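Now for the letters of each chain:
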Amino acid sequence: MPHSSGGGSHGGSHGGSHGGSRGGGSRGPTISRGRFPGSTRYVYYRRGEPRYFYADRRFKPGIQWPRLLLLVFYLPFLVTLVPSALKCIPIAKKNYNHNIVISDEADVISDEQTLYESLERFMKKTGVTPSVVTVYNEKWSNRTNLEEYAYDRYLMEFDDEMHWLIVYSQESYPSSSYIDWYWEGMQGDDTDNILTSAVVDRFTSVFQSRLTSNDKDIGAQLSASFDDITASYKKGLNLKESAPYLFPLAFVLFHMFFMVFFGTFKYRGAKPAPEEPDTFGLQTAGSSSYNGTDSGYGGTSPYLQTSKKTGMTGNAYGGGQAREVICEFCGSYYSARLKYCPHCNASNPDNLL
């Protein structure tokens, strides 16, 4: 429904009534590149290379449909924040009646054509259709204030929320030295992303100032006021007004992505991977040996070993014919070109690439 964009009288001006609605989750499974108590080993492939990781009992390979139910938790936030955030984007609706209304019932506009041209320039630049109605104070004397009358007049004139109606009112028989005048702006809800508080406040200030200095030629003051904001209007996101909606929305979307989608799709092709054979106590070159505990290697570097595979000779640490290295954590052989051990995911400090 339409709402006030501001107004004024001989006693001063007032602002509008821009409104709007203002706006984490469930803990997922533990996933790690290293083994931890109670974990299970999994593998998935990226660009043809295996990627190993460990996860606890809560992890389920494939798309986790129950996890998608978390979207229900985020739904209230999205329903509240998305419409408000969209209102901050300065895009005007086009499918509505663009007829500009000038109804000078108080007979105070001497040059309607000039005023119409000013209103038309504003409409072409912003996409919002401005209109003007002038009445006598007696027209709304049985109401609380002019804002109430302007609201009803908006509903009578328009069946959309894309107009900006300016209602000007003055006494029927003013004296030559004093005119008891009032005015009120009424904007449709769908104009909020364009007629921001900064725009309507500027119009309120300019029009109120012009009327205070010269209240004899109302049409000229309206035309000049609309020309002023038409010239100064720039389409763009108003960060001051959009921040209360955009930043919370960005946080909710970020949180939702990592809680619901990130693990679900990254690990959707994961399959359980068998643990490596127990290599604890494996003898290495010289007097070194693997210590047989999770704390790591307890002797000299296992990279000093030479490959025992058929056709592989030379120093696996980087000798002339080396093609494999031995993982210092699990004792397994793997290609020296890999950055990580494919069996336990330990980093390869001697990656040859």
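Analysis parameters
Residues numbered from 1 in each chain as written. Predicted model: local features only at pLDDT ≥ 70, side-chain atom pairs only at ≥ 80, totals over all residues. Heavy atoms only, no water. Axes fitted to C-alpha atoms, helices over the stretch in contact; angles between N-to-C directions. Helix = DSSP H or I, 4+ residues; strand = E, 2+ residues; numbered from the N terminus. Parallel < 35°, antiparallel > 145°, perpendicular 65-115°, else oblique. Left-handed = near helix turned anticlockwise from the far one by under 90°. Contact = heavy atoms within 4.5 Å. Nonpolar A, V, L, I, M, F, W, Y, C, P; charged D, E, K, R; others polar. Patch = residues over 30% accessible without salt bridge, like charges linked within 9 Å, V, L, I, M, F, W, Y side chains within 5 Å. Areas by Shrake-Rupley, 256 points an atom, 1.4 Å probe, with all protein chains shown as cover. Salt bridge = Lys/Arg side-chain N within 4 Å of Asp/Glu carboxyl O. Lys, Arg positive; Asp, Glu negative; His and termini not counted. Charge placed at Lys NZ, Arg CZ, Asp CG, Glu CD. Core = buried A, V, L, I, M, F, W, Y, C linked by side-chain atoms within 4.5 Å. Buried < 20%, exposed > 50% of the residue type's maximum accessible area, 1.4 Å probe, protein only. pLDDT = per-residue confidence, 0-100. Phe/Tyr/Trp six-rings, centres within 6.5 Å; stacked < 30°, edge-to-face > 60°. Pairing = 2+ DSSP bridges. Expected span 1.5 Å × (residues − 1). Arc of directions from axis to C-beta.

1. Considerations on the packing of helix H5 (residues 197-213) against helix H6 (residues 218-232)
With their axes 9 Å apart at the nearest point, H5 and H6 run at an angle of 150° to one another. In terms of axis orientation, H5 runs roughly antiparallel to H6. Of the two elements, H5 crosses H6, and the hand of that crossing is right-handed. Contacts between H5 and H6 involve Val199, Arg202, Phe203, Val206, Phe207, Arg210 and Leu211 from the former and Ile218, Gln221, Leu222, Ala224, Ser225, Phe226, Asp228, Ile229 and Ser232 from the latter. Its residues assigned to classes, the contact of H5 with H6 comprises 10 nonpolar, three polar and three charged.

2. Topic: a negative patch on the surface
A contiguous patch of negative charge on the surface is contributed by Asp107, Asp111, Glu112 and Glu117. Residue position: Asp107 is located in the loop between strand E6 (102-104) and helix H3 (112-126).

3. Remarks on the nonpolar core
Of all hydrophobic cores here, the largest spans 32 residues; its most connected members are Trp164, Ile166, Tyr168, Trp183, Phe203, Leu222 and Phe226. Listed by contribution, the elements that provide at least two residues to this core are H3, strand E8 (163-170), strand E9 (181-187), H5 and H6. Dropping the residues within four chain positions of it, Leu222 is found in contact with Leu115, Val132, Ile166, Phe203 and Phe207. Grouped together as the second largest cluster of nonpolar side chains are 11 residues, Trp140, Leu146, Leu165 and Val167 included.

4. Overview of the packing of H3 against H6
For any two helices packed against each other, the geometry is given by the interaxial angle and the distance between the axes. Remark: H3 packs on H6, axes separated minimally by 9 Å, with the N-to-C direction vectors making an angle of 20°. It follows that H3 is roughly parallel to H6 by the angle criterion. For the pair H3 and H6, the crossing hand works out as left-handed. Every residue of H6 that contacts H3 at Thr114, Leu115, Ser118, Leu119, Arg121, Phe122 and Lys125 is listed here: Gly219, Leu222, Ser223, Phe226, Asp227, Ile229, Thr230 and Ala231. Among the residues making up the contact of H3 with H6, the classes are represented as seven nonpolar, five polar and three charged.

5. Focus on the side chain of Ser131
With respect to the element layout, Ser131 can be found in strand E7 (residues 129-136). Ignoring anything within four residues of it in the chain, the contact list for Ser131 reads Asn99, Ile100, Val101, Leu119, Phe158, His163, Trp164, Leu165 and Ile166.

6. As for the confidence of the model for the protein chain
In the predicted model, the protein chain carries a mean pLDDT of 76, and the fraction of residues at 70 or more is 70%. Across residues 278-322, where pLDDT falls below 50, the model places 71 contacts with residues more than four positions away in sequence or in other chains.

7. Describing the packing of aromatic side chains
This model, assessed by the stated rule, comprises 10 aromatic pairs. Taking 5.1 Å as the distance between ring centres and 70° as the angle between the ring planes, the aromatic pair formed by Tyr154 and Phe158 counts as edge-to-face. You'll find Tyr154 and Phe158 in the same group, each marked buried. Ring centres of Trp164 and Phe226 lie 5.5 Å apart, and the angle between their planes is 65°; on these two criteria the pair is classed as edge-to-face. With Trp164 in strand E8 and Phe226 in helix H6, this residue pair connects regions lying 62 residues apart in the sequence.

8. Comments concerning the pairing of E8
With eight of eight residues buried, E8 lies mostly within the body of the structure. On E8, burial covers both faces: His163, Leu165, Val167 and Ser169 on one face and Trp164, Ile166, Tyr168 and Gln170 on the other are all buried. As paired elements, E7 and E8 share eight bridges and run parallel to each other. Bridging across to E8, Ser131 finds its partner in Leu165.

9. Brief notes about H3
Owing to its 3.6 residues per turn, the α-helix aligns residues three or four sequence positions apart on the same side. The terminal C-alpha atoms of H3 lie 21 Å apart, and with 15 residues this matches the ideal 21 Å at 1.5 Å per residue to within 8%. Buried within H3 are the following residues: Leu115, Ser118, Leu119, Phe122, Met123 and Thr126. When H3 is viewed along its axis, its buried side chains cluster within an angular range of 135° and face the same direction. On its buried face, H3 sits against E6, E7, E8 and H6.

10. Focus on H6
Along its 15 residues, H6 runs 21 Å from first to last C-alpha, staying within 8% of the 21 Å computed at 1.5 Å per residue. Among the structural elements, H3, E7, E8 and H5 are those in contact with the buried residues of H6.

11. A word on the sheet that holds strand E4 (residues 40-46)
The sheet built from four strands is open, its strands ordered E3-E5-E4-E10 with antiparallel pairing. In the strand order of this sheet, the two ends are held by strand E3 (31-32) and strand E10 (271-272), each with one partner. Relative to E10, E4 is paired through two bridges, and the arrangement is antiparallel. Counted as the bridge partner of Val43 is Lys271 from E10.

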